[in-house]
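# Remarks on the overall topology
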Amino acid sequence: HAVPSTPDSPIRLEQGYIKTELRNDLADRLPVTGVPPNVHHRICVVTRRIIERLFDPSLSVNDVVRRCGVTSHTFTTHFRHVHDRTPGRYIWHGRMRAARRCLQHQELAITTVAFSLGYTRYRTFARAVKRYAECSPSDWREELLGENVQ
């Protein structure tokens, strides 16, 4: 289930695109009322770590939170204020944005896309897609390819 190793493979390019989008979005985030400046800074630092490891199957929100130096509840509350979603949803949403782009490459097997985006089981990926796109990965691909034709 290895990700194609060439730096210009469609998966690597799409992963890089999503990471750049997320970094740009993070740079545009201003301090939020109710989030102490030092906590906001730590959340931004942790968010950068999440972005860099977004497609790593071993990425654990709990590990990232521990490095932030605040309780899980405090981190999640402030993270939600900054990003409008929990850390877990942030990761899921980033991966689904990448899936949307990768599935438009017909030459990529859907299982390759799933494993390259950090999913260790195809079934978990399929459930994530179902929740996001309200259809199976193959139906979503068909829908996305149809959009590109029009």
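Residues numbered from 1 in each chain as written. Predicted model: local features only at pLDDT ≥ 70, side-chain atom pairs only at ≥ 80, totals over all residues. Heavy atoms only, no water.

### Some words on the pattern of salt bridges
For the record, the criterion: Whenever Lys or Arg places a side-chain nitrogen within 4 Å of a carboxyl oxygen from Asp or Glu, that contact is recorded as a salt bridge. Labels follow the DSSP assignment, with helices taken as runs of H or I lasting at least four residues and strands as runs of E lasting at least two, numbered in each case from the N terminus. Accessibility here uses a 1.4 Å probe with only protein chains present; expressed as a share of the type maximum, an area under 20% marks a residue as buried, one over 50% as exposed, and anything in between as partly exposed.
In the structure shown here, the tally under the stated rule is five salt bridges. A salt bridge links R101 to E14; its shortest N-O distance comes to 2.4 Å. You can see R101 sitting in helix α5 (residues 87-102) and its partner E14 sitting in helix α1 (residues 10-28), a full 87 residues away along the chain. For R101, a relative accessible area of 28% puts it in the partly exposed group. Among the residues examined, E14 registers a relative accessible area of 9% and is labelled buried. The shortest N-O distance in the salt bridge between R53 and D56 comes to 3.3 Å. Residue R53 is classed as partly exposed on the basis of its relative accessible area of 27%. We classify D56 as partly exposed; its relative accessible area is 23%.

### Description of unusual backbone geometry
Backbone geometry at D84 places phi at a positive 65°, although glycine is not the residue there. Mapping D84 onto the fold places it in the loop between α4 (72-83) and α5. Given a relative accessible area of 62%, D84 falls into the exposed group. We note that E134 has phi near 60°; this positive angle belongs to a residue other than glycine. Here E134 lies in the loop between α7 (122-133) and α8 (137-149). Overall, the relative accessible area of 66% leaves E134 in the exposed class.

### Digging into the confidence of the model for the chain
Quick reminder of the rule: Here pLDDT means the predictor's own confidence in every residue, given as a number from 0 to 100.
Averaged over every residue, the pLDDT of the chain is 87; the share at 70 or more is 93%. Ranking the elements of the chain by mean pLDDT puts helix α3 (residues 61-68) last, at 79, and α7 first, at 97.

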